[in-house]
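Listed here are the chains, written in short residue letters.
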Amino acid sequence: MDPTSTWEGGAGEPQAPGDLPSATLTLHINGTEHTLTLDHRTTLLDALRHHLDLTGAKKGCDHGQCGACTVLVDGRRANSCLLLAVSQEGSRITTVEGLADGDRLHPLQEAFLERDAFQCGYCTPGQLCSAAGVLAEADYGHPSHVTPHDAPVGVPARLGPEEIRERMSGNLCRCGAYPRIVEAVEDVAS
Amino acid sequence: MKPFAYLRAETVADAVRACAAHPGAKFLGGGTNLVDLMKLGVEAPGLLVDVSRLPLDQVTDTAEGGLRVGATVRNSDLAAHPAVRTRYSALSQALLAGASGQLRNIATTGGNLLQRTRCPYFQDTSKPCNKREPGTGCPAREGAHRDLAVIGYSEDCVATHPSDMAVALAALDADVVLHGPEGERTVPVTGFHRLPGDNPDADTVVRPGELVTEVLLPPLPDGTVCLYRKARDRASYAFALASVAAVLRVRDGRIEHAALAFGGLAHRPWRARAAEEILLGAPATEATFLRAADAELAAARPLRDNAFKVRLARHLAVDALAELTART
């Protein structure tokens, strides 16, 4: 049980306005620990944007459909709009602000610049975090919907354009920069 | 979203106890559907019992030669598991045909089974819906039902179950293990989800306070092959209009074992027993496959705008069975 909850809710509803169920928790984000007191309803996305001033992750649909809020949780890509911050105590979160190594951009960031893989840029932080997750998943040998059923198991997956399009399908780009995004991800994958 | 209390459970017993002690409590797995429904106002639990970090995250071999899948195993990990990919490829394919990479990394095995329908009226609290608010009516019968049920529905509800994974599990004869205040019980996946009847608010046979803890996959009969096929409006990241999971063994041109389940057609994964009866012992030919699909789908009663789903399902079944025959 979570000992940090300030209201454990035996009665089913908070007693008075201002007495909303909240928790004091520590989030590990981009290598730094942040201790916050948050209403239980706060999503990880809102904690990042409104409480930690990390506005890279974007709120697009807020329903897990567009991917603009994608961050890495323990190295795996996830929609931060559907994760409750209170459930993420103990996780290691990486946002787009944490992808670069100091002043040295992540290879995916370099490739997006090189390929001009964006127009308005709103979806780009999510695209970058998602692509970082895709590269890790391929290294682990994770298959996708378009991987042949008889593909070898337990070896890294090769990422051609078809694999990249399928694996990145959870990230929408209203500007339609998809061809360049696929090229940028392929540059880094190969 | 309504305020709620939150507890992170450390053990199954803790989780079951906490949920049983609080009317209106819900278990939180990955939350990809539940948190979304809370934002929409469709769900308003007073307490969330977080079960996502329970030690139920392993896939292990059973003594019988099958697999035991913990309820918190993430959809992406289950799809990528070597034993699932090699022995239960229909399950891996079904998981990979669902949602997006991000969502599959969060979503759990137990939560996937328990996800709610994506019927637009169910998700919109400004509209009547017998599933969300019993007795208010079903606007989908005359309204936007293109994606909804063609078989097994009732006057009260024409919703479909959205899971791909559950369709594969139905064809693979998997069982679901539940832990509740009154102990442990095992339910076949084919009996886990309900037809709507006159109480569509109940999606499943899960009793109050019961927690899904495991899914058990029995060993497939020697020499069988299996696959999952899905038709949808987009090439990726969309719910099924129709789908099929098939398990087949053919020897000397005759079908020795057949299991078939449809997705996207009904309130639950639709195990096609009438089709299987025709397949078993028959020659593995397109004529047999058509006869089997038609026997099953004869019970379909499509609504005004979704008759195409019956034809889709028929073609998917014939195509899947032909491909499996070619592989054996």
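Each chain has its residues counted from 1, following the order in which its sequence is written. Chains carry letters from A onward and ligands carry numbers from 1 onward, assigned in written order. Residues qualify for local features only when their pLDDT is at least 70, as the model is predicted, and side-chain atom pairs are given and counted only at 80 or more; totals for whole chains, interfaces and linings, by contrast, use all residues. With hydrogens and water excluded, all non-hydrogen atoms of the structure serve as input to the side-chain values.

**Observations concerning helix H2 (residues 107-115) of chain A**
Residue and element names in this part refer to chain A. Within H2 the residues assigned to the buried category are Leu 108, Gln 109, Ala 111 and Phe 112. Seen end-on, H2 carries its buried residues on one side only, within an arc spanning 160 degrees. Residues of H2 that are exposed and point more than 90 degrees away from the buried face comprise Leu 113 and Glu 114. Trailing H2 by a residue or two, Asp 116 shows a phi angle of about 55 degrees, which is positive. Categorising residues by exposure relies on relative accessible area from a 1.4 Å probe, with only protein chains included: less than 20% of the type maximum marks a residue as buried, more than 50% marks it as exposed, and the intermediate range marks it as partly exposed. Strands are runs of DSSP state E lasting at least 2 residues, helices are runs of H or I lasting at least 4, and numbering of each runs from the N terminus. To be clear, the arc concerns the directions from the helix axis to the C-beta atoms.

**Focus on the pairing of strand E3 (residues 47-50) of chain B**
Strand residues, when the strand is regular, have side chains that alternate between the two faces of the sheet. Residue and element names in this part refer to chain B. Covered by surrounding structure in E3 are Leu 47 and Val 49 together with Leu 48 and Asp 50, the residues of both alternating faces. Both strand E1 (residues 5-8) and E3 contribute to a ladder of four bridges, which runs parallel. Its bridge partner lying in E3, Leu 7 is registered against Val 49. In this description, strands pair whenever DSSP reports at least two bridges between them. Across four bridges, strand E2 (residues 25-28) lies against E3 in parallel orientation. In the strand pairing of E3, Lys 26 is matched with Leu 48. Crossover handedness is defined by viewing with both strands directed away from the observer: a clockwise path from the first strand over the helix to the second marks the crossover as right-handed. This β-α-β element, E2 to helix H2 (residues 34-40) to E3, shows right-handed connectivity.

**A short note on the packing of aromatic side chains**
Here a Phe, Tyr or Trp ring, Trp counted by its six-membered ring, pairs with any other such ring whose centre lies within 6.5 Å, and the pair is stacked when the planes are under 30 degrees apart, edge-to-face when over 60, and tilted otherwise. One pass over the full model with this rule turns up zero aromatic pairs over all chains. Residue placement shows Arg234(B) over the ring face of Tyr237(B); its charged tip is 5.9 Å from the ring centre. Ring-over charges, as used throughout, are those where CZ of Arg or NZ of Lys falls within 6 Å of the ring centre and within 35 degrees of the ring normal.

**Comments concerning the sheet that holds strand E1 (residues 22-29) of chain A**
Residue and element names in this part refer to chain A. Ordered by their spatial adjacency, five strands build an open sheet running E2-E1-E5-E3-E4, and the pairing between neighbours is mixed. For this open sheet the edge positions go to strand E2 (32-39) and strand E4 (76-79), each flanked by a neighbour on one side alone. Sheet twist, expressed as the mean angle between neighbouring strand axes with direction ignored, is 40 degrees. Bridge count between strand E3 (residues 70-73) and E4: four bridges; the pairing is antiparallel. A fitted line through C-alpha atoms serves as each axis, taken over the contacting stretch for helices, and the angle formed by two N-to-C directions is quoted from 0 to 180°.

**A few points about the interface of chain B and chain A**
Contacts: residue pairs with any heavy atoms within 4.5 Å of one another. Contacts between chain B and chain A engage 47 residues on the former and 51 residues on the latter. Once two parts are brought into contact, the accessible area they lose, counted with a 1.4 Å probe and summed over both, makes up the buried area. Considering only the side of chain B, the residues that lose the most area to chain A are Tyr6(B), Arg85(B) and Gln102(B), jointly responsible for 18% of the buried surface there. Just to be clear on terms, a salt bridge is a Lys or Arg side-chain nitrogen sitting within 4 Å of an Asp or Glu carboxyl oxygen. For the pair chain B and chain A, the number of links is two salt bridges. Going through the elements one at a time, E1, helix H1 (12-21), H2, E3, helix H3 (75-80), helix H4 (82-87), helix H5 (89-96) and helix H6 (101-106) of chain B are the ones with two or more residues in the side of chain B that touches chain A. For the side of chain B that touches chain A, the element with the highest residue contribution is H6(B), accounting for five residues. Ten residue types, Ala, Val, Leu, Ile, Met, Phe, Trp, Tyr, Cys and Pro, are classed as nonpolar, four, Asp, Glu, Lys and Arg, as charged, and the remainder, Gly among them, as polar. Split into classes, the residues belonging to the side of chain B that touches chain A amount to 20 nonpolar, 14 polar and 13 charged.

**Concerning the pattern of salt bridges**
Tallying each qualifying case throughout the model produces 33 salt bridges over all chains. Asp77(B) serves as the salt-bridge partner of Arg76(A), at 3.0 Å between the closest nitrogen and oxygen. Of this pair, Arg76(A) sits in strand E4 while Asp77(B) sits in helix H3, which puts the two residues in different chains. On the basis of relative accessible area, Arg76(A) is assigned to the partly exposed category, the value being 26%. Residue classification places Asp77(B) among the partly exposed positions, given a relative accessible area of 27%. Residue Arg229(B) is joined to Asp319(B) by a salt bridge in which the shortest nitrogen-to-oxygen separation is 2.1 Å. Of this pair, Arg229(B) sits in strand E9 (residues 225-231) while Asp319(B) sits in helix H11 (residues 308-327); the two residues are 90 residues apart in sequence, bridging distant segments of the chain. Since its relative accessible area comes to 39%, Asp319(B) is described here as partly exposed.

**Comments concerning the domain arrangement of chain B**
Just so you know, the domain bounds were taken from an automatic or database domain assignment. Domain annotation for chain B reports domain 1 (1-52) and domain 2 (225-327). Taken over C-alpha atoms, the centre of domain 1 of chain B sits 37 Å from the centre of domain 2 of chain B.

**Quick look at the environment of Arg254(B)**
Residue and element names in this part refer to chain B. Checked against the element boundaries, Arg 254 lands in strand E11 (residues 254-263). Judged by relative accessible area, Arg 254 falls into the partly exposed class, the value being 44%. Distance in space between the C-alpha atoms of Arg 254 and Thr 325 is 9.7 Å, their sequence separation being 71 residues. When near neighbours in sequence (up to four residues on either side) are disregarded, Arg 254 contacts Arg 249, Gly 281, Ala 282, Pro 283 and Ala 284.

**A look at the sheet that holds strand E6 (residues 175-180) of chain B**
Residues and elements named next belong to chain B. Overall, antiparallel pairing links the five strands, which are arranged E4-E5-E8-E6-E7 in an open sheet. Only two strands of the sheet have a single neighbouring strand rather than two, namely strand E4 (59-61) and strand E7 (183-188). Mean inter-strand twist for the sheet, computed between neighbouring axes without regard to direction, equals 25 degrees. Pairing geometry for E4 and strand E5 (residues 67-70), over three bridges, is antiparallel. Pairing of Val 59 across the sheet is with Val 69, part of E5.

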